[in-house]
Every structure is written in structure tokens, then in C-alpha cells.
Amino acid sequence: MSSHTPRKVYLVGSRIRELRKGRRLTQTELSDKIGIAQSDLSRMEQGEYKVGLDTLFKVLQVFDLKMGEFFGETESPDAAETRKLISNFQELSSDAQREVRDFVRFKKLQKQEPNPASGSPAVPNEEETS
Amino acid sequence: MNERRKHLEFLRKTAREAIWAGDYERALTLYDDGLSLARSWKDRDLEDLFTCNRATTLIELDRQDFDLSRLKEILLHSPSSYTGALASYVAANAHEARGEYGRARFYAQTALSKSRELGHEELTGTSLNLLANLELHESRFEAARDLFQEAVERLESEGESLSRHAAVATDNLGYCHIALDRMELGLPLVHRSLSVLDSLGARQAMDYPMLDLCFASVKMSLLDEAESWGIRALGLGKEFGREDVVKNAHYLLAEAYSEMGRDSKADEQYEALAVYYPDFPALKHYLRQISLMEVINLRA
């Protein structure tokens, strides 16, 4: 049984324009790929031109987007990695999540250690963190 | 009217009723019979008329195995007659079916001006309806609305016998209003159209009104209604082999189910839709999270 995912966004003309620019495509280039007139694409980006499913799916295919890109999450590679880590964390059992929190606390303490000469806190071995 | 003409007129009338009932194969057989008879009797006018009617039926069947240039010959050798105007109208439909919208517009305009000259209200109305559909294709909803409005007025002025054409134009007008978010204007028109078509047994023409009601219901978040209309539209689309209706119905049903939170039902519709787009395997995953309702045109 699937859980309900709330809808995130409507595809609108302004988003199509952003995506096109993100792909460094001119209106002429994109309209050629989709198979509509450039003037119609221009109207589409302004929200005046509505099209059938066949054309809409061509638009989405041309952009060949990752879902995050579509939603305008112009995230850096670091941000994407962070999102992935959070997602992985949420999939862990509560025990495993606690261990990860402990490890994060430990790493923060390690970072705050003012004098390396005084010795680093012991790094937990792999067994303890897994 | 002589007996031969009466017989052929009867064939035309019966074929037309078969078309409205969705029995295109029967209509085609009747038109083929009429065409053979007209040829054997060397009645050029009726041969031309049956050629036009037969081509119309083939277009309805999504078939292009007829001679388009023959229609243009009819227009050229009978430019001032009803048959010439009809040939132009059918040629416009043929070009529209081929996606040649510029040519379709030219022949539709020709049919309109000739039918106006002849004072033929039905052909004037159907030509206006076709021109309006061409406007809709290009997403010019206001222009289409005005043409549909005039088409409805022309067709309704012709009285009861032509109310099927009027009902189709009325539904189209209703769709324009719905697309322009004027539900209070659009919904009564679509319901009226559906009621007329139902009373006339024109089931084949009821798919788009149902689709339009599904579309409006999704827009207004009346999701149970959307489901009901969508299922009925889908059934008719499958029954009469209307791929455009089937695809739009799958999409709108998926939208409705998704908004209801019935994700597994929505997935069924997405999967059914994805069958038509084998080159786009990610379709379902996109549509689970992206709504196309703001950019979709059911008549494009």
C-alpha cells in the first residue's frame, strides 16, 4: 500500500521558461524539439498557450530532469548530498538513528577541542557506530 | 425529386444517423453503396455528395485512405454549390486530422464564406465550429469562444433536426468557458449539450462533454464527480476507439485520485497513460508530483 505524497507543484509557463534557460536553449531550439512554433512556445511561457498531453510530455522529455531540478531546487552538490543523508537517516531504525546522533555529537566535540596536543577524544570503532 | 434521388437521400439520412450513434462501419457501408449507385446512374452531383460524406466518415474513423485531391476537384468544379462548400469543409477536416492547420484554416474559411453566400445555416454553423476548433488548437480561447458562440446561434436557428451539431458546438463553447475559469458559464452549457446528445442517442458524441465535466470537476476539487465523469468518458473513449479521449481521461482520473489521496488508484491511471508514451518511462514518477492542470488543453 502506498502512502499519499502531497502534490508539490503545478507545471506553469514560467517554470518552462526557467527550465529552458537552465538548459541554455533558445525558444527556437526548444520549439523545434517539441514540434511547435516559436511564437507558440513564447505564449506557452507566458501562460497563454495550453497544449495537449503529447506536447507536454515532449517538453518534460526534452528537459530530461531529475525531480529535484524540476521543482526548482537549484541545490549545490553539497545540498543534494545533505538531502540524501537526511533521507538515509530517516530510513534507519531508532537505535541506529541514536547511534548516528551520538556520533555527530562526538564529531562536534572533536571539532571544538581547542588544543590538539592535549589529545583527541577516542574515535569510536566501526563496530560502535554501525 | 425522382425516385433514385429519394433512395440516395434515404441512404444518406440513414448513414448520418448511424454516425451519430457511433456505428461508423455501417455508415461507411451505406455511403459506399450510395456512391456506387450514383456512379452507375451517372449522377455527378450525388456522386460528389457521397464522396464528401464518405470522406467525412473515414476521417471520423481516423483513416486517411481517401483521395483528398478529389475533394478539391469538387470544390473547383462546383464552387458556388452546396456540394462545393461541403467539399471545402471536408477538406478542412482532412487537413486538421493530418495536423496541417494552416491548410485546414484556409479550407474552413472557404467553406464558411461559401456557405454564408448560399445561406446554408447548418454548413455555416459547422464551418464556424471547425474554425473555432482550429483556434482552440492554438490555444486562442477567447477567439474560439466567440466563434463557437456564433456557431451555436446559427445551428440552433435551424431547429430540432440539427440540434446534434448544435449540441456539439454548445459543448465546445462550454469547454472554452471552463478553460477560461468561467465555470458558471461553462458548466450549464456542457450539461445542456450532454442532455441533448443523450436524448438523441448520440453516445459517440458524449465523450467530450463527459471529459469536460471531469476537467471542470478536477479544477473545482469536486473529486467524486470528477471520478464519475472520468470513468464514463474513459468507457466511451475505449468503446469508440478515441485515443485522445482515453489519454485525457486517464490523466484527469489520475489527477482526481491523486488529489483524493488514493495513490494506488492514481498509479493505475498513470500506468495506463504511460502505455501511450513508451519513450518516456519516467512519466508516472513525474506525474505523481507534478500537475499539468494549468497548462493542459483537452482540444489540442
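Predicted model, so just to flag it, every value in this text is computed and none were measured. (Residues numbered from 1 in each chain as written. Chains lettered and ligands numbered in written order. Predicted model: local features only at pLDDT ≥ 70, side-chain atom pairs only at ≥ 80, totals over all residues.)

S.K.: Report on the overall build of chain B, specifying residues and quantitative values.
M.R.: Within chain B one finds 15 helices and one strand. By the compact-globule yardstick of 19 Å for 300 residues, chain B fits well, its C-alpha radius of gyration being 20 Å. Structurally, chain B occupies a C-alpha span of about 65 × 35 × 35 Å along its principal axes. Within the span of chain B, comprising 300 residues, buried residues form 50% of the whole. Sequence-distant contacts, at least 24 apart, represent 49% of the contacts inside chain B between residues at least 6 apart. (Helix = DSSP H or I, 4+ residues; strand = E, 2+ residues; numbered from the N terminus. Rg over C-alpha atoms; globule rule 2.2 N^0.38 Å. Buried ≥ 20, exposed ≤ 12 C-beta atoms within 10 Å, placed from the backbone. Contact = placed C-beta atoms within 7 Å.)

S.K.: If you had to explain the nonpolar core to someone new, which residues and values would you point to?
M.R.: Within the largest apolar cluster, 110 residues are counted, with the highest numbers of intra-cluster contacts made by B:Ala108 and B:Cys214. Non-local contacts of B:Ala108, meaning those with residues more than four positions away in its chain, are made with B:Tyr89, B:Ala92, B:Ser127, B:Leu130, B:Leu131 and B:Leu134. (Core = buried A, V, L, I, M, F, W, Y, C linked by C-beta atoms within 7 Å.)

S.K.: With reference to specific residues and values, describe the confidence of the model for chain B.
M.R.: All names here are of chain B. For chain B, the mean per-residue pLDDT works out to 93, and 98% of the residues sit at or above 70. Across chain B, helix 11 (residues 207-219) holds the top mean pLDDT of 98, while helix 15 (residues 283-289) sits lowest at 86. Across the predicted assembly, pTM comes out at 0.79 and ipTM at 0.84. (pLDDT = per-residue confidence, 0-100.)

S.K.: Report on helix 13 (residues 243-260) of chain B, specifying residues and quantitative values.
M.R.: For helix 13 of chain B, built from 18 residues, the straight-helix expectation of 26 Å at 1.5 Å per residue is met to within 8% by its first-to-last C-alpha distance of 26 Å. Taken across its 18 residues, helix 13 of chain B has 14 buried, putting it largely inside the fold. (Expected span 1.5 Å × (residues − 1).)

S.K.: So what's going on with unusual backbone geometry? Which residues, and what values?
M.R.: For A:Arg24, which is not a glycine, the phi torsion comes out positive at approximately 55°. Counting through the fold element by element, A:Arg24 comes out in the loop between helix 1 (13-22) and helix 2 (27-34). Its identity as a non-glycine residue notwithstanding, B:Ser221 has a phi of 60°, on the positive side. Locating B:Ser221 in the fold gives a position in the loop between helix 11 and helix 12 (223-239).

S.K.: If you had to explain the interface of chain A and chain B to someone new, which residues and values would you point to?
M.R.: At the interface, 26 residues of chain A touch 27 residues of chain B. Sorting the residues of the side of chain A that touches chain B by element identifies strand 1 (9-10), helix 3 (38-45), helix 4 (53-63) and helix 5 (67-70) of chain A as the ones contributing at least two each. The biggest single contributor to the side of chain A that touches chain B is helix 4 of chain A, with six residues. The residue makeup of the side of chain A that touches chain B, split by class, is 13 nonpolar, seven polar and six charged. Sheet topology places strand 1 of chain A next to strand 1 (residues 290-291) of chain B; two bridges connect them, and they run parallel. Note on strand 1 of chain B: the bridge partner recorded for A:Val9 is B:Ile290. (Nonpolar A, V, L, I, M, F, W, Y, C, P; charged D, E, K, R; others polar. Pairing = 2+ DSSP bridges.)

S.K.: Describe the domain arrangement of chain B, with residues and values.
M.R.: Residue and element names in this part refer to chain B. Taken domain by domain, chain B comprises domain 1 (3-211) and domain 2 (212-300). Counting residues at the interface gives 21 residues for domain 1, matched by 20 residues for domain 2. Listed by contribution, the elements that provide at least two residues to the side of domain 1 that touches domain 2 are helix 7 (121-137), helix 9 (163-179), helix 10 (183-199) and helix 11. Considering each element in turn, the side of domain 1 that touches domain 2 owes the most residues, five residues, to helix 11. (Domains from an automatic or database assignment.)

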